[in-house]
Amino acid sequence: MSENAPEPGLTVAVTGPTGEIGIAFLQALERSERVAVVRGMARRPFDPGSKGLSKTEYVQGDVLDREAIDRLVDGADVVVHLAFLIFGDPEQSREINLTGSRNVFEATAAAGSKRLVYTSSVAAYGFHASNPLPLHEDLGPAGTEDFYYSAQKAELEATLRESLEGTEVEAYVFRPSIVGGPDSPALVTNVPYVGTPSLVPSAVRALLDRLPQPGPVILDPGTPMQIVHADDVADALVKAVEGVGVPGCYNLAAEGEFTMSDLARELGWRSVPVPDLAVDLTAALVKRLPAMPSQAAWIQTARISVVMDTTRARDVLGWQPRHDATATLRATVEGAQAAGLVTATGRRGS
Ligand SMILES: NC(=O)c1ccc[n+]([C@@H]2O[C@H](COP(=O)([O-])OP(=O)(O)OC[C@H]3O[C@@H](n4cnc5c(N)ncnc54)[C@H](OP(=O)(O)O)[C@@H]3O)[C@@H](O)[C@H]2O)c1
């Protein structure tokens, strides 16, 4: 091929393309001139045409089914692994997340694809007060043992390295903060809040009793948090698909930070500042409620700051997030309200 001849269009295989990041990513791939064909696979039915996606072919399949993955990645130049169970029973999530991801990593190595793109998470660093802030990519993913999601994300980065060892596959690993946007309601639909004061420990109840009227309340330990718009995550993933910069690990977060009180304000709810101890007590209590252990685990994330430095993605990939934290938080809440998932009096189904 002469130096100026265009590279043939890329074939990209995507697991979990129907999720919060996945749909935004398919739309970004549609706009990439380097991408010719996109093959997606997840368990639910999905019609790419309904989203105006002309490059995307979709099959239903499970990442626990190695043969289905082998078919998906066969002949793919790039494999992007998004399939994951974020909220759920820790045991069930272990199987999908650890076994399923290992299947995808090993199938990619066996298929000899050029690149593997994987969305890890800020949670891979673990929630440790001793971590130096802001977090840089060279800090190893230590995870937090008693928070299933964080522990799995840390373990999987090691699994990925192990699966690709001795192969030519280039790995791009992203560690996004919480993802938001009009079609990404997970922050709002999973934020722990108090709708029933009788369910909180007496120390917290005393704080709530001082508030003027009834209504949902978010406990705010004051920890600064980051968020990133799904469209901006999608842009970063496309850069990896196209082989921009160098393979490696990249933090992703929008400019600026927010607190739980900012989220409560956007929702038209109330917040109450609480010391760490009250959050711990609430987490311990929520853990004992039937069917809520995973929510309890997530309460821990509000306690310890895991603010990341995103200079590497900006400098090496030329990533320029278009949405700052305030705009992304607002878009997330407005999207959830428009979808009827949340109102001024609480969350649907809570
Ligand atoms: N959203 C965030 O705030 C955030 C932040 C940091 C990192 N991340 C990471 O980014 C990735 C994508 O997240 P997301 O927000 O897009 O998640 P999501 O909205 O929960 O979507 C998960 C996707 O995985 C698919 N999936 C789940 N189990 C599967 C299985 N057994 N086989 C095949 N597909 C399966 C789902 O489709 P079906 O259910 O139909 O199978 C869906 O397409 C995950 O690795 C997540 O940990 C997300």
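The present account deals with the structure reproduced in this document. (Residues numbered from 1 in each chain as written. Predicted model: local features only at pLDDT ≥ 70, side-chain atom pairs only at ≥ 80, totals over all residues. Heavy atoms only, no water.)

With respect to the pattern of salt bridges
Pairing is possible between side chains of opposite charge, provided their charged atoms come close.
Then, number 1: A full pass over the atoms with the stated rule returns 11 salt bridges.
Then, number 2: Here Glu106 ties to Arg102 by a salt bridge, and the two come within 3.3 Å at their closest N and O atoms. Residue Glu106 and its partner Arg102 are both found in helix 3 (residues 90–111); the two are separated by 4 residues, about one turn of the helix.
Then, number 3: One salt bridge in this structure joins Asp262 and Arg265, with 3.0 Å as the shortest N-O distance. Within this pair, Asp262 and its partner Arg265 are both found in helix 8 (residues 260–267), separated by 3 residues, close to a single helical turn. (Salt bridge = Lys/Arg side-chain N within 4 Å of Asp/Glu carboxyl O. Helix = DSSP H or I, 4+ residues; strand = E, 2+ residues; numbered from the N terminus.)

Brief notes about the environment of Gly346
Then, number 1: Inspection of the secondary structure assignment puts Gly346 in strand 13 (residues 346–347).
Then, number 2: A relative accessible area of 8% means that Gly346 is categorised as buried.
Then, number 3: The contact partners of Gly346, leaving out residues within four places of it in the chain, are Tyr193, Pro216 and Trp269. (Buried < 20%, exposed > 50% of the residue type's maximum accessible area, 1.4 Å probe, protein only. Contact = heavy atoms within 4.5 Å.)

Let's talk about the packing of helix 1 (residues 20–31) against helix 7 (residues 230–241)
Then, number 1: At a closest axis distance of 8 Å, the pairing of helix 1 and helix 7 adopts a crossing angle of 55 degrees. Between helix 1 and helix 7, the interaxial angle falls into the category oblique. Helix-helix and strand crossings are classified by hand; for helix 1 and helix 7 the assignment is right-handed. In this structure, helix 1 contributes Glu20, Ile21, Ala24, Phe25, Ala28, Leu29 and Arg31 to the contact, and helix 7 contributes Ala230, Asp231, Val233, Ala234, Asp235, Leu237, Val238 and Val241. (Axes fitted to C-alpha atoms, helices over the stretch in contact; angles between N-to-C directions. Parallel < 35°, antiparallel > 145°, perpendicular 65-115°, else oblique. Left-handed = near helix turned anticlockwise from the far one by under 90°.)

Topic: the sheet that holds strand 3 (residues 56–60)
Within a sheet, neighbouring strands are paired by backbone hydrogen bonds and run either parallel or antiparallel to one another.
Then, number 1: What the 7 strands build is an open sheet, ordered 3-2-1-4-5-6-10; its pairing is parallel. Looking at strand neighbours, the two that pair on one side only are strand 3 and strand 10 (248–252), the edges of this open sheet. When the angles between neighbouring strand axes are averaged without regard to direction, this sheet yields 15 degrees.
Then, number 2: Strand direction decides the pairing type here: strand 2 (residues 35–42) and strand 3, joined by 5 bridges, are parallel. When the sheet's bridge partners are listed, Arg39 is paired in strand 3 with Glu57.
Then, number 3: Against the sheet, helix 2 (residues 66–73) engages strand 1 (10–15), strand 2 and strand 4 (78–81), with an angle of about 170 degrees to strand 2.
Then, number 4: Docked against the sheet, helix 4 (residues 148–164) engages strand 5 (115–119), strand 6 (170–176) and strand 10, running at close to 175 degrees with respect to strand 5. (Pairing = 2+ DSSP bridges.)

Side note on the packing of aromatic side chains
Then, number 1: This model, assessed by the stated rule, comprises 8 aromatic pairs.
Then, number 2: The interplanar angle of 80 degrees and the centroid separation of 5.4 Å between the aromatic rings of Phe105 and Tyr118 together place this pair among those described as edge-to-face. On the criterion of sequence distance, the pair formed by Phe105 in helix 3 and Tyr118 in strand 5 is long-range, its members being 13 residues apart.
Then, number 3: With a centroid separation of 5.8 Å and 50 degrees between ring planes, the pair formed by Phe127 and Phe147 is classed as tilted. Note that Phe127 is positioned in the loop between strand 5 and helix 4 and Phe147 in the loop between strand 5 and helix 4, a separation of 20 residues in sequence.
Then, number 4: Looking at Phe127, the relative accessible area reads 11%, which means it is buried.
Then, number 5: Aromatic rings pair up to connect Phe84, Phe127, Phe147, Tyr148 and Tyr149 into one cluster. (Phe/Tyr/Trp six-rings, centres within 6.5 Å; stacked < 30°, edge-to-face > 60°.)

Concerning helix 8
Then, number 1: Along helix 8, the positions that sit buried rather than exposed are Met260, Ser261, Leu263, Ala264 and Leu267. Mapping the buried residues of helix 8 onto a view down its axis gives an arc of 160 degrees, with all of them on the same face.
Then, number 2: The secondary structure elements touched by the buried residues of helix 8 are helix 5 (186–190), strand 8 (217–220), strand 11 (270–273), helix 12 (325–338) and strand 12 (342–343).
Then, number 3: Directly beyond the C-terminal end of helix 8, a positive phi value near 75 degrees is found at Gly268. (Arc of directions from axis to C-beta.)

Observations regarding the environment of Gly100
Then, number 1: Looking at where Gly100 falls in the secondary structure, it is placed in helix 3.
Then, number 2: For Gly100, a relative accessible area of 0% puts it in the buried group.
Then, number 3: Linking Gly100 and Phe84, residues 16 residues apart in sequence, is a C-alpha distance of 8.3 Å.
Then, number 4: When neighbours within four sequence positions are excluded, Gly100 is seen to be in contact with Val63, Leu64, Ile69 and Glu95.

So, the site of the ligand
Then, number 1: Around the ligand lies a shell of 26 residues, among which Thr18, Glu20, Arg43, Arg44 and Tyr149 are the nearest.
Then, number 2: The side chain of Thr18 places a nitrogen or oxygen atom 2.6 Å from an oxygen atom of the ligand.
Then, number 3: One nitrogen or oxygen atom from the side chain of Lys153 is found 2.8 Å from an oxygen atom belonging to the ligand.
Then, number 4: Across the complex, the protein chains shield 90% of the 880 Å² of accessible surface that the ligand would expose by itself.
Then, number 5: Those elements giving two or more residues to the shell around the ligand turn out to be helix 1, helix 4 and strand 7 (178–180).
Then, number 6: Tallied by class, residues from the shell around the ligand come to 13 nonpolar, 8 polar and 5 charged. (Near = heavy atom within 4 Å. Polar contact = N/O pair within 3.5 Å; in protein donor to acceptor, adjacent residues only side chain to side chain. Areas by Shrake-Rupley, 256 points an atom, 1.4 Å probe, with all protein chains shown as cover. Nonpolar A, V, L, I, M, F, W, Y, C, P; charged D, E, K, R; others polar.)

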